[in-house]
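# Secondary and tertiary structure notes
In case you want the letters, here they are:
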Amino acid sequence: MPANTLNASAAPSKLNLIGLEQQALAEFFEGLGEKSYRARQIMGWLYRRGVVKFQDMTDISLRVRRQLDLVATLDLPRVIRKEESSDGTRKWLLDVGSGQAVESVFIPEPNRNTLCISSQAGCVLDCSFCATGQQGFNRNLSAAEILGQVMIVKRDMGPDVALSNIVFMGMGEPLANYRNVVPVAKLLVDDHAFGLSRRRVTISTAGLVPQLTRLGEDCNVALAVSLHAPNDSLRDELVPINKRHPIKELLDACWCYAEQLASRQVTFEYVMLRDVNDSPEHARQLIKLLRDRPAKVNLIPFNPFPGARYECSTASVITDFCERLRSSGIVATIRRTRGDDIAAACGQLAGQVRDRTRVRLGDKTFRSVRL
Ligand code: SAH
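Rules used in this analysis
Residues numbered from 1 in each chain as written. Predicted model: local features only at pLDDT ≥ 70, side-chain atom pairs only at ≥ 80, totals over all residues. Heavy atoms only, no water. Domains from an automatic or database assignment. Contact = heavy atoms within 4.5 Å. Buried area = accessible area lost by both parts, 1.4 Å probe. Salt bridge = Lys/Arg side-chain N within 4 Å of Asp/Glu carboxyl O. Polar contact = N/O pair within 3.5 Å; in protein donor to acceptor, adjacent residues only side chain to side chain. Helix = DSSP H or I, 4+ residues; strand = E, 2+ residues; numbered from the N terminus. Nonpolar A, V, L, I, M, F, W, Y, C, P; charged D, E, K, R; others polar. Near = heavy atom within 4 Å. Areas by Shrake-Rupley, 256 points an atom, 1.4 Å probe, with all protein chains shown as cover. Buried < 20%, exposed > 50% of the residue type's maximum accessible area, 1.4 Å probe, protein only. Arc of directions from axis to C-beta. Expected span 1.5 Å × (residues − 1).

## Observations regarding the domain arrangement of the protein
- Taken domain by domain, the protein holds domain 1 (14-73) and domain 2 (97-368).
- A straight line from the C-alpha centre of domain 1 to that of domain 2 covers 33 Å.
- Contacts between the two partners involve 13 residues from domain 1 and, on the opposite side, 13 residues from domain 2.
- Summed over both partners, the interface of domain 1 with domain 2 comes to about 1,100 Å²; 63% of that surface belongs to carbon and sulfur atoms.
- Taken as a group, E21, Y47 and R48 account for 47% of the area that domain 1 buries against domain 2, more than any other trio of residues on that side.
- Run the count over domain 1 and domain 2 and you get zero salt bridges.
- On the surface where domain 1 and domain 2 come into contact, there are two residue pairs in polar contact (both at pLDDT 80 or more).
- Ranked by residues supplied to the side of domain 1 that touches domain 2, first place goes to helix α2 (residues 38-48) with six residues.
- For the side of domain 1 that touches domain 2, the per-class residue count stands at six nonpolar, four polar and three charged.

See below:
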């Protein structure tokens, strides 16, 4: 069962039912001496209808609703602030207790609406070009705190706005919080809960290979991998987890994952850093790694943040890099920057910190990033 009681507002003795998978919910009801079908009933209320009060779940008897109030909660993170970008992108800052806040970003597009959710308060991976990493790590979010982001945004956007795609591309490394992320991903694709297609739920990872291999067996949603460099010496610098799981090991795991996905490709994210990883030679090395593989590449223009030590590649360099990939037969796209005026673009999510450095490895000085 995922650690669901971390939300500070929940009484410690009560179990927060948000984020529990059907099986865990069924066991909970059996423990109360109730029928296990109540699990599906509750899931319908919570995730399909957005009802988060036991009293309002009218097809459950009053007696059971009262009992639920005594032993369980339906706690969502508290919204601290909402911001809207001039391009329609919206950002929620959510309180997850102990002075920690995380962010979720809603990105409307003509044919889809994507919600980008966070899985950790901070991140331990320390990728050199990412604002979240610079903030240090505080803790894993509970399943309720992760799924709560989807519920809050769905509620706030109202019934006329459908969330068609969910991406685990906010703060944190989702596979480092495997035990809470996987139940959430399962609920997102569960027909009794959110019922999204597996192709529309994407987990993005910097390359935690053992968890990636497990994920293929547990819940094969769409996969994005933050590659960012075409050789180990450069990747060691940009994405330090590469020292533990170098490119070959990572790509082998990706090809296995793709096989389980049947006809689906792995997306490789590649942040465009001026004069760092954007030369024709880098493109050539990348082509060598990915050509004739079930891979597509998403080039991400680097989004700056206070204190960043990189610049974004020029538009013409990005286009040229993309064309080189395409002319070798690799499907490549350039990610359009969204929400940068409210610091909601990729890698700009810093949340709000009191002190994440306490649990940071090393002794980098704490720096507060203003939103
Ligand atoms: N930990 C996961 C999710 C991170 S965020 C992962 O590494 O995949 C999603 C994407 O944004 C990742 O590809 C990440 O590398 C990228 N990113 C981080 N900082 C960025 C920045 N400043 N500009 C552009 N993309 C960035």
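Okay, back to it.
## Things to note about the side chain of H282
- Within the fold, H282 resides in helix α10 (residues 280-290).
- Within the structure, H282 has its side chain in polar contact with the backbone nitrogen of D278 (distance 3.5 Å).
- Setting aside chain neighbours within four positions, we find H282 in contact with P230, N231, L234, Y270, V276, N277 and F321.

## Quick notes on the pattern of salt bridges
- Tallied over the full model, the rule gives 17 salt bridges.
- Notably, a salt bridge pairs D156 with R155, separated by 3.0 Å at the nearest N-O pair.
- Beyond isolated ion pairs, a larger network of salt bridges with shared partners links E34, R38 and R63.

## Structural notes on the site of the ligand
- For the ligand, the set of nearby residues contains 21 residues, the closest of which are F129, S204, S226, H228 and N303.
- Between the ligand and F129, the relevant distance is 2.8 Å, taken from a nitrogen atom to a main-chain nitrogen or oxygen of the residue.
- A distance of 3.3 Å is found between an oxygen atom of the ligand and a backbone nitrogen or oxygen belonging to T205.
- In isolation the ligand exposes 530 Å². Once the protein is present, 96% of that is buried.
- Residue assignment for the shell around the ligand shows that the elements contributing at least two residues are β10 (201-205), β12 (266-272) and β13 (295-301).
- Taken together, the residues of the shell around the ligand sort by class into eleven nonpolar, eight polar and two charged.

## Notes on helix α3 (residues 62-71)
- Here α3 has its buried residues at V64, R65 and L68. Around the axis of α3, the buried residues are gathered within 100 degrees of arc, so they sit on the same side. Across from the buried face of α3, at angles greater than 90 degrees, the exposed residues are R63, R66 and L70.
- Among the structural elements, α1 (22-31), α2 and β2 (72-73) are those in contact with the buried residues of α3.

## Brief notes about helix α11 (residues 315-327)
- Between the first and last C-alpha of α11 there are 18 Å, a value that for 13 residues agrees with the 18 Å anticipated at 1.5 Å per step.
- Restricting attention to buried positions, one finds in α11 the residues I318, F321, C322 and L325. Projected down its long axis, α11 carries its buried residues within an arc of 95 degrees, all on one side. Residues of α11 that are exposed and angled more than 90 degrees away from the buried face: S316 and S327.
- Lining the buried residues of α11 we find β12, α10, β13 and β14 (331-334).
- Taken from the residues just after α11, G329 is the one with a positive phi, measuring 95 degrees.

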